[in-house]
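Chain by chain, the residues run as shown.
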Amino acid sequence: MEIRTIGVIGAGQMGNGIAHVMALAGYDVLLNDIDAEVLDKALATVRKNMERQVNRGKITAEEMETALARISPTLTLTDLGNTDLVIEAATERESVKQQIFDELVPHLQDHTILTSNTSSISITRLASRTDRPGRFMGFHFMNPVPVMQLVELIRGIATERETYDACLTVVENLGKTAASAEDFPAFIVNRILMPMINEAVYTLYEGVGNVRSIDQSMKLGANHPMGPLELADFIGLDTCLAIMNVLHDGLADTKYRPCPLLTKYVEAGWLGRKAGRGFYDYGGEEPVPTR
Ligand code: CAA
């Protein structure tokens, strides 16, 4: 089946990036959020990020305007019922996602493929509570979406071949690369990345290094573009902790035990860049390590 229109639920960091790349690839996008202010901010962010691409010669100003015109914001979730593919990118809480699917599913066309950008929640479980487990799967983008080349495609136990193939075609049309993952806790990227970040927090907790030396070690010693603590702040410490908990609960192995210091930062509301403070303080010109 051919996908032309795409509904994106949630206009936050991931949702606006997904709308951005879909519109540039020629898809009509309906971008939904419950908060009008978040929607306005998302459209401004997409414009700013596309302008960056124009300035770097990646796209033309005309391509930018055409793409921006393809994104229609809406506060009404059920408007997405008429799209061919829905990507849910709301808050990473199962109850929130469940509520969204409960409201949306009765309005979907039969052929619509329903997907979630979840970074760790079971696709099979989310799918089983909809009317279309065969046309449900995981469609997981990396942050920042316009820059990162990978999309993880996660099949639930009931996902049909046609569903997977249709999503794979969309990824290819974006000019991105798909990695196929089975539906086990945190899939591939976060199964590997989060224990590394958690270990970096243990390294800090045990005093083996400080924030700067840990990040420098991995940047200069392992050629990572960001140090693990800087990356944790970028992703959001609440998200990192939530994913560690999914790994710990889902695989029942103590090697996934979240570091108590990570828990403490989240309890303090020091959630990283979005909160202005995490392992770094973002209040000044340059981020300043907090330990
Ligand atoms: N939109 C469009 N373009 C953007 C952008 C955005 N939001 N953010 C950055 N860019 C572009 C810049 O314009 C620049 O373009 P050129 O290559 O043409 O010059 C390029 O990306 C690099 O950006 P900067 O020069 O500003 O900064 P940088 O070199 O420090 O790179 C970074 C920034 C791409 C974020 C880099 O630090 C990086 O790759 N970090 C690691 C990111 C990562 O690991 N992401 C995965 C997180 S895990 C995840 O997302 C999964 C999950 O479920 C939690």
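Calculation criteria
Each chain carries its own residue numbering, running from 1 in the written order of its sequence. Given that the model is predicted, a residue must reach a pLDDT of at least 70 before its local features are reported, and side-chain atom pairs must reach 80 or more before they are shown or counted; all residues, however, enter totals for whole chains, interfaces and linings. Excluding hydrogens and water, the side-chain values take into account all heavy atoms of the structure. The criterion for strand pairing is that DSSP finds at least two bridges linking the strands in question. Secondary structure is summarised from DSSP: a helix means a run of H or I of at least four residues, a strand means a run of E of at least two, and numbering begins at the N terminus for each. A fitted line through C-alpha atoms represents every axis, and for helices the fit uses only the stretch in contact; the resulting angles, taken between N-to-C directions, go from 0 to 180 degrees. Here the angle decides the label: under 35 degrees means roughly parallel, over 145 means roughly antiparallel, 65 to 115 means roughly perpendicular, and every other value means oblique. Contacts: residue pairs with any heavy atoms within 4.5 Å of one another. Only Asp, Glu, Lys and Arg are considered charged, only Ala, Val, Leu, Ile, Met, Phe, Trp, Tyr, Cys and Pro nonpolar, and every remaining residue, Gly among them, polar. Marked domain ranges trace back to an automatic or database domain assignment. Put simply, buried area is how much 1.4 Å-probe accessible surface two parts lose in total, over both of them, once they are put together. Any carboxyl oxygen of Asp or Glu that lies within 4 Å of a side-chain nitrogen of Lys or Arg is treated as forming a salt bridge with it. Any pair of nitrogen or oxygen atoms within 3.5 Å is treated as a polar contact; in protein, a donor-acceptor pairing is required on top of that, and neighbouring residues in sequence qualify only through side-chain atoms on both sides.

Undergrad: Explanation requested: the sheet that holds strand E5 (residues 113-116) in the structure shown.
TA: Each strand in a sheet pairs with another by means of backbone hydrogen bonds, the pair being arranged parallel or else antiparallel. An order of E3-E2-E1-E4-E5-E6-E7-E8 is seen for the eight strands of this open sheet, with the pairing classed as mixed. If you trace the sheet from one side to the other, it starts and ends with strand E3 (71-74) and strand E8 (177-182), each paired once. Across the sheet, the mean angle from the axis of one strand to that of its neighbour is 25°, orientation sign disregarded. In terms of strand pairing, E5 meets strand E6 (residues 136-141) through three bridges, oriented parallel. Across the sheet, residue Leu114 finds its bridge partner in E6, namely Phe136.

Undergrad: Is there a simple way to explain the packing of helix H8 (residues 211-222) against helix H9 (residues 228-235) in this structure?
TA: To characterise two packed helices, one gives the angle between the axes of the helices and the distance between these axes. One way to put it is that H8 packs onto H9 with a least axis distance of 7 Å and a crossing angle of 100°. In terms of their interaxial angle, H8 and H9 are classed as roughly perpendicular. Residue-level contacts link Val211, Ile214, Asp215, Met218 and Lys219 of H8 to Pro228, Leu229 and Glu230 of H9. The residue makeup of the contact of H8 with H9, split by class, is five nonpolar, no polar and three charged.

Undergrad: Quick question: what am I supposed to make of the domain arrangement of the chain here?
TA: Many descriptions give the size of an interface as the accessible area lost when the pieces come together. Here the chain is described as being made up of domain 1 (5-181) and domain 2 (191-289). Distance from the C-alpha centre of domain 1 to the C-alpha centre of domain 2: 27 Å. Listed by partner, the interface residues are five residues for domain 1 and four residues for domain 2. When domain 1 packs against domain 2, the two sides together hide about 420 Å² of surface, and 62% of this comes from carbon and sulfur. Ranking the residues of domain 1 by area buried against domain 2 places Ser119, Ser120 and Asn143 at the top, with a combined share of 65%. Taken together, the links from domain 1 to domain 2 amount to zero salt bridges. Seen at the junction of domain 1 and domain 2, the total is zero residue pairs in polar contact (both at pLDDT 80 or more). For the side of domain 1 that touches domain 2, the residue count by class is one nonpolar, four polar and no charged.

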